[in-house]
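# Structure assessment
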Number of protein chains: 2
Amino acid sequence: MDNRTGLPVVGMVGGGQLARMTHQAAISLGQSLRVLSEKPDDSAALVAADVPIGTHTDLAALREFAKGCDAVTFDHEQVPTEHIEALEAEGVKIFPGSKALVFAQDKGLMRERLAALKAPVPRWARVTSGEEIEAFAAGSWPVVAKATRGGYDGRGVWMVGSREAADDLVSTGVPLIVEEKVPLRRELAALVARSPFGQVAAYPVVETVQQDGICVEVIAPAPGLSDDLALEAQQLAIDLANALGVVGLLAVELFETADGIVVNELAMRPHNSGHWTIEGARTSQFEQHLRAVLDYPMGSTGLAAPVVVMANVLGGEPGGISIDERLHHLFAEVPDARVHLYGKQVRPGRKIGHVTVLGDDLEKVRARAARAAKWLQEGV
Amino acid sequence: MDNRTGLPVVGMVGGGQLARMTHQAAISLGQSLRVLSEKPDDSAALVAADVPIGTHTDLAALREFAKGCDAVTFDHEQVPTEHIEALEAEGVKIFPGSKALVFAQDKGLMRERLAALKAPVPRWARVTSGEEIEAFAAGSWPVVAKATRGGYDGRGVWMVGSREAADDLVSTGVPLIVEEKVPLRRELAALVARSPFGQVAAYPVVETVQQDGICVEVIAPAPGLSDDLALEAQQLAIDLANALGVVGLLAVELFETADGIVVNELAMRPHNSGHWTIEGARTSQFEQHLRAVLDYPMGSTGLAAPVVVMANVLGGEPGGISIDERLHHLFAEVPDARVHLYGKQVRPGRKIGHVTVLGDDLEKVRARAARAAKWLQEGV
């Protein structure tokens, strides 16, 4: 509790753009997010007032950080599970808790648990040798190999097309699972938030568009998705949040196939598939996450417009006009685009921001969002 | 320019809620607002990363603060005009500039200039004695007396009902103007932003509802306002912004009478009558102000919903349930209310936050906003 304001203090481990945008949401709630940041120029550290410097793998730093926090939560999934368990044992309120978070940290455990819950998942197996991968493929290459821990934005995921490639991958020593390559129509995401009280709020199901394993576009609501399938996806996310005991946000990444939906990944934090909610929903995912971890009643997840499209801005090649000049051009070209820049150094392919456009006409809104992102990304 | 991000640095003098909300907007633009704050627990100082402590009346502090800022702007009008002139002479980019800002600082100069521009104003006069006030009243009491400088939220404004009251007021030594008590139907506000390039963006005209000289409610767009009068109000604000050379926001507070509109006050900064734009317009006034002072192209001022109502939350009497508990109740009662708390100590009558509700039905939206504000204010 902040004695000056009488309002709670939430600590977020990790100083990336998710913490940055959560701080923005915290300000509206009368709070100031406490951010455990690795470096003073991390995305959130540049804009927040209360930023101890420390590393998420350092239990002493986590312990010190948690003092005085009403709740501690995460910008990423990389905090060692045993550290979270240690803090929980000491009475720190950490959300999501270790018992839930582990299923977002470890893809093997996630697959096992989802299978036990009879949630729809791709055919999968834990593997420790090229031979096992070959047996899993059963002649039907490629298969998808995933590091059980630590992957994001396409890292830690490999399309394995042969026994040789399988042997090479196994030789790196990374613990792996393999999955069938799902014949997908498209990717969807179902985002829900759950409070300790057990209230769950579900956002409209969105379509996510990926390039090279990185999300480039999110369309809300998912165009042409039947009401039945939308409800099924929302119910699945709600059921998983309840079954896993998630507190905070749960993003369920889904594949839509000819036969329905299967779960691809879980994330238990604000998620790229929910950035559109900042302007596109009555309550942003960032505020919703804060409300959930503080056990406030959930906010309305209603849409603010018939169509909302978010486009990620990836770092382009060095050179060309400055980011500031690009912003001038973008603002002149698309005066209704909502811009979010993360204060990051530009590196090719790195997410440095996103843009959101709201409107009525799907194709027009998509085109405007793409144009806005292209201006920021390529300066043309 | 921030060398890490390649994006500009804006400095805001004053650490109140306007700076706090401007910082929120700055974060989206990849920036971090630099705030000159009097105290480390001022509203904006609690949430911003770059907060030198200093006073707006201290030229040396202003000078130091301005170093490295691409633009300097204001949270309030209290910076001495001569300090602004001194900084301008040294090449600091201050917006609005002293030549414009003085008309928001000094009501006497404002009335003279508006009269010269043939803008509609109440009958008024500078006065230095009770005798002059009595002559101005010409038997028609009360008249409105205003301190030429330093008033806000009803302070510095007096209804003077007699020669005795006039004598008492004059005896305080405050420089005064008097104005006729305008037979108003209601109060309106026209908000525009103007960039150095000369681009002007006008928001929909709103109705503002006052109690005891303090704004308690803003309705966007102003209900039942004819298109002609709305256009006239917007054009008036645009003309004034151009004529006065305003850079940044200009809020023109208006009286609507049976005969049309007259100008009540001018403000050249984010303004309470524009808080609804955070969720209610495509571009918030806070982002628009940053865009204007940085000479970015202006953002869309379009409405995000047919009806937007903002209600201020004033500090209530001490006692009762805590602000945090009130927030729980409010969130349960009005899940679509957008809450903005300023991190301020509660004092009776002090603006400690605001709530915004969007919707289609005027009376329902007003009722929901009022209910939300009442929960935060009174905890019932």
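Reading the values: the criteria
Residues numbered from 1 in each chain as written. Chains lettered and ligands numbered in written order. Predicted model: local features only at pLDDT ≥ 70, side-chain atom pairs only at ≥ 80, totals over all residues. Heavy atoms only, no water. UniProt positions renumbered as here; feature names shortened; annotations may be inferred. Pairing = 2+ DSSP bridges. Helix = DSSP H or I, 4+ residues; strand = E, 2+ residues; numbered from the N terminus. Axes fitted to C-alpha atoms, helices over the stretch in contact; angles between N-to-C directions. Parallel < 35°, antiparallel > 145°, perpendicular 65-115°, else oblique. Left-handed = near helix turned anticlockwise from the far one by under 90°. Contact = heavy atoms within 4.5 Å. Nonpolar A, V, L, I, M, F, W, Y, C, P; charged D, E, K, R; others polar.

Chain A is annotated in an unreviewed UniProt entry as N5-carboxyaminoimidazole ribonucleotide synthase from Actinoplanes derwentensis. What the UniProt record of chain A gives under Pathway (unreviewed entry) is the line "Purine metabolism; IMP biosynthesis via de novo pathway; 5-amino-1-(5-phospho-D-ribosyl)imidazole-4-carboxylate from 5-amino-1-(5-phospho-D-ribosyl)imidazole (N5-CAIR route): step 1/2." Looking at the Catalytic activity (unreviewed entry) heading of the UniProt record, one finds this comment for chain A: "5-amino-1-(5-phospho-beta-D-ribosyl)imidazole + hydrogencarbonate + ATP = 5-carboxyamino-1-(5-phospho-D-ribosyl)imidazole + ADP + phosphate + 2 H(+)".

Take the sheet that holds strand E4 (residues 124-127) of chain B next. Residues and elements named next belong to chain B. Taken in spatial order, the four strands make up an open sheet running E4-E7-E5-E6, and their pairing is antiparallel. This sheet does not close on itself; its edge strands, each paired only once, are E4 and strand E6 (157-160). If you compare each strand with its neighbour and ignore which way they point, the axes differ by 25° on average. Sheet analysis places strand E5 (residues 143-147) next to E6, joined by four bridges and oriented antiparallel.

Okay, the packing of helix H2 (residues 59-66) of chain A against helix H3 (residues 81-89) of chain A next. Residues and elements named next belong to chain A. One can describe the packing of H2 onto H3 by two numbers: an axis separation of 10 Å at closest approach and a directional angle of 40°. With respect to each other, H2 and H3 are oriented oblique. By crossing handedness, the relation of H2 to H3 is classed as right-handed. Taking contact as the criterion, the partners of Leu59, Leu62 and Arg63 in H2 are, on H3, His83, Ala86 and Leu87. Here the contact of H2 with H3 is built from residues that sort into four nonpolar, one polar and one charged.

Moving on: the environment of isoleucine 352 of chain A. Residues and elements named next belong to chain A. By the element assignment, isoleucine 352 lies in strand E16 (residues 351-359). Sequence separation between isoleucine 352 and asparagine 312 is 40 residues; the distance between their C-alpha atoms is 8.0 Å. Leaving out residues up to four positions away in the same chain, isoleucine 352 has contacts with Val313, Leu314, Gly315, Ile323, His340, Leu341, Tyr342, Lys344, Gln345 and Val346.

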